[in-house]
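Here is what each chain is made of, one letter per residue.
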Amino acid sequence: MNARDLVTAVPVCHVIKGETVTGSDLEYGPSHARIATPPLDLNALVWPRQEPGPAFDVPVAEIMDVLVETGCWLTKDPHGLVAEALEFSVRTSPLPRSLLERSYTNLGRLFNRRSMEFQIREELGGMDVLDDWREIHDAPSGRQHRIRAFPPRLIHIVAGNAPGVSAQSVIRGALTKGVHLLKIPSNDLFTATAVLRALAAVAPGHPVTRSFSAAYWRGGDERVEGMLFRPQFFDKLVAWGGESALRSAKQYIGPGFELVAFDPKTSISLIGREAFASDEILAKVADRAATDVTLMNQQACASSRFQFVEGSTEQVDRYCALLCSRLGIERQNASARGNPVPSELRDEIDGLRGMEPYYQVWGGYEGEGIVIRSEEPVDFHPDGRIVNVIPVASLESAVCHANVATQTVGVYPPERKAKLRNALAAMGVQRVVALGAAGGVETGLPHDGFFPLQRFVRWVNDEG
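Here we summarise the structure given alongside this text. (Residues numbered from 1 in each chain as written. Predicted model: local features only at pLDDT ≥ 70, side-chain atom pairs only at ≥ 80, totals over all residues. Heavy atoms only, no water.)

### Describing the overall build of the chain
Logical step 1: Per the secondary structure count, the chain includes 15 helices and 20 strands.
Logical step 2: Projected onto its principal axes, the C-alpha positions of the chain cover 75 × 70 × 40 Å.
Logical step 3: Within the chain, the proportion of its 464 residues that are buried is 52%.
Logical step 4: Across the chain, contacts joining residues at least 24 apart in sequence account for 71% of those joining residues at least 6 apart. (Helix = DSSP H or I, 4+ residues; strand = E, 2+ residues; numbered from the N terminus. Buried < 20%, exposed > 50% of the residue type's maximum accessible area, 1.4 Å probe, protein only. Contact = heavy atoms within 4.5 Å.)

Have a look at this one:
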């Protein structure tokens, strides 16, 4: 027996309808990184359709009161649950401690009443359609109708690339008043349960507290998902994640069980020749671009991976050197250093280093960041604080490199967004922002091309 065999499994709790469940009956992961969870009681993870969900008839204003108080509780952390989640996350997450600390410190701020009111107003047109039947008076037929955004029954395959995703899933789920089962992601094992335990501490036994469960199982486990992913239990599957996770989930989609997919995305930057107006401006542009590259250490969908820069090769090389020097700066949503570059990517980049002047490479392999300048985009996926910079004659010519998998495009100067946004949208882009603002996602606006709350609920008509 070696030292790795003696590693104690990290305990992962479940929260079932407001009750915390502990245990170490099931273990997952390699010998050097084991986690232990309670047994899965599949019957406890569903809500019978014959009965309304606990919060179906609770006024959304009351739910927001509970959520705001939960945010305050998370910030104060009177029982140390957030601190405990942080310490366990440090042992299991690919993100470094400094970044996790800032992410957990900010969790409570997401539970903001003004933000929640904005989401409901922009996505659903107001709270009335959540609490009751909205009257429709101006139908062409002359008949009077009523519609309601009815509370849904959802399973959430939550992304684990940022702790805020689990918190936002709880907020959206609570606002839609349905019942929600969150599958705990393997790369963020503690945020969802920390939020639900906070909710239970603030409002024990409250209908919204009893409307949520969070449990871990290995993704793709047919014994679990084959039983749960059924229309007799749930209306929709809300799936974040990579291509393999979504392909696995899609096998269960059919009549009565719908997929709401936050598809895997990549993001890019478009930088105009105005960046070279002065050394001072170029330095500011490089810093903003580095902010977008290192967002959640490039684990976020909004993180820039390819940057198209108007300018000569000499100008772009100056920019690349500045960009590389700023990738190693500690930021609110990034650490100064990430994980070392995996060997397969290192081999790819080593091959480019010997192909000057067609390629130029700045940076090292220990997580500080790498910039690759090339005449065309590289044919591998830049990851782990790696960014590919391509000189272009015009930003308009770079639009063709966007596609339906491109989520966010950061543009400098921002005044040029208006001339580019229609062409970008035609290519499939969902979000256009000023360079450096990729991380400033505004909940209440479309996400990945749709309004989440509008997709979560079930729209029901009472006609005539």
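Right, picking up where we left off after that structure.
### Let's talk about the sheet that holds strand 16 (residues 370-374)
Logical step 1: The strand order 15-16-17-14-13-18-19 describes an open sheet built from seven strands, whose pairing is mixed. Each edge of the open sheet is held by one strand with a lone partner, namely strand 15 (359-363) and strand 19 (431-434). On average, adjacent strands in this sheet sit at an angle of 20 degrees to one another, irrespective of strand direction.
Logical step 2: Looking at chain direction, strand 14 (residues 304-310) and strand 17 (residues 386-392) are connected through five bridges and run parallel. Bridging from a neighbouring strand, Glu-310 pairs with Val-392 of strand 17.
Logical step 3: In the packing of helix 11 (residues 313-326) onto the sheet, the strands contacted are strand 13 (266-271), strand 14, strand 15, strand 16 and strand 17, and the crossing angle to strand 16 comes to about 170 degrees.
Logical step 4: Sheet strands touched by helix 12 (residues 343-353): strand 15, strand 16 and strand 17. Its angle to strand 15, the strand with the most contacts, is close to 125 degrees. (Pairing = 2+ DSSP bridges. Axes fitted to C-alpha atoms, helices over the stretch in contact; angles between N-to-C directions.)

### Here we look at a negative patch on the surface
Logical step 1: Side chains of Glu-344, Asp-347, Glu-348, Asp-350 and Asp-379 sit close together on the surface and give a patch of like negative charge.
Logical step 2: Residue placement: Asp-347 occurs in helix 12. (Patch = residues over 30% accessible without salt bridge, like charges linked within 9 Å, V, L, I, M, F, W, Y side chains within 5 Å. Areas by Shrake-Rupley, 256 points an atom, 1.4 Å probe, with all protein chains shown as cover. Salt bridge = Lys/Arg side-chain N within 4 Å of Asp/Glu carboxyl O. Lys, Arg positive; Asp, Glu negative; His and termini not counted. Charge placed at Lys NZ, Arg CZ, Asp CG, Glu CD.)

### A few points about the nonpolar core
Logical step 1: Ranked by internal contacts, the top residues of the largest apolar core, which has 70 residues, are Tyr-104, Leu-175, Phe-190 and Phe-212.
Logical step 2: Sequence-distant contacts of Leu-175, defined by excluding residues within four places in its chain, comprise Val-60, Ile-63, Met-64, Leu-67, Met-116, Gln-119, Ile-120 and Leu-130. (Core = buried A, V, L, I, M, F, W, Y, C linked by side-chain atoms within 4.5 Å.)

### What to know about helix 11
Logical step 1: In a regular helix each residue adds 1.5 Å, so 14 residues correspond to 20 Å; helix 11 covers 20 Å between its end C-alpha atoms and thus fits that length.
Logical step 2: By the burial criterion, the buried members of helix 11 are Val-316, Asp-317, Tyr-319, Cys-320, Leu-323, Cys-324 and Arg-326. (Expected span 1.5 Å × (residues − 1).)

### Brief notes about the packing of aromatic side chains
Logical step 1: Counted according to the given criterion, the structure contains eight aromatic pairs.
Logical step 2: Plain terms: the ring middles of Tyr-28 and Tyr-216 are 4.9 Å apart, the flat faces sit at 75 degrees to each other, and that makes the pair edge-to-face. In this pair, Tyr-28 sits in strand 4 (residues 26-28) while Tyr-216 sits in the loop between strand 10 (212-215) and helix 8 (222-228), placing the two residues 188 residues apart along the sequence.
Logical step 3: Since its relative accessible area comes to 10%, Tyr-28 is described here as buried.
Logical step 4: Taking relative accessible area as the criterion, Tyr-216 reaches 7% and is therefore assigned buried.
Logical step 5: On the numbers, 6.2 Å between centres and 35 degrees between planes, the contact of Phe-229 with Phe-257 is tilted. Remark: Phe-257 occurs in the loop between helix 9 (243-250) and strand 12 (258-262) and Phe-229 occurs in the loop between helix 8 and strand 11 (236-240); sequence separation between them is 28 residues. No difference in accessibility class separates Phe-229 from Phe-257, as the two residues are buried.
Logical step 6: Ring pairing ties together the aromatic residues Phe-229, Tyr-252 and Phe-257, which thus form one cluster. (Phe/Tyr/Trp six-rings, centres within 6.5 Å; stacked < 30°, edge-to-face > 60°.)

### Structural notes on the state of the cysteines
Logical step 1: This structure, assessed with the given rule, holds zero disulfides.
Logical step 2: The thiol sulfur of Cys-324 is not disulfide-bonded, and the nearest other cysteine sulfur, from Cys-320, lies at 8.9 Å. (Disulfide = S-S within 2.5 Å.)

### Points about helix 12
Logical step 1: For helix 12, the complete set of buried residues consists of Leu-345, Ile-349 and Leu-352. One side of helix 12 holds all its buried residues, which, seen down the axis, span an arc of 50 degrees. Turned more than 90 degrees away from the buried face of helix 12 sit Glu-344 and Asp-347, all of them exposed.
Logical step 2: Those residues of helix 12 that are buried lie in contact with strand 15, strand 16 and strand 17. (Arc of directions from axis to C-beta.)

### Quick look at the environment of Leu-196
Logical step 1: Relative to the helices and strands, Leu-196 resides in helix 7 (residues 191-202).
Logical step 2: Measuring from C-alpha to C-alpha, the distance between Leu-196 and Gly-369 comes to 36 Å, with 173 residues separating the pair along the chain.
Logical step 3: Setting aside chain neighbours within four positions, we find Leu-196 in contact with Val-15, Val-170, Phe-212, Ser-213 and Ala-214.

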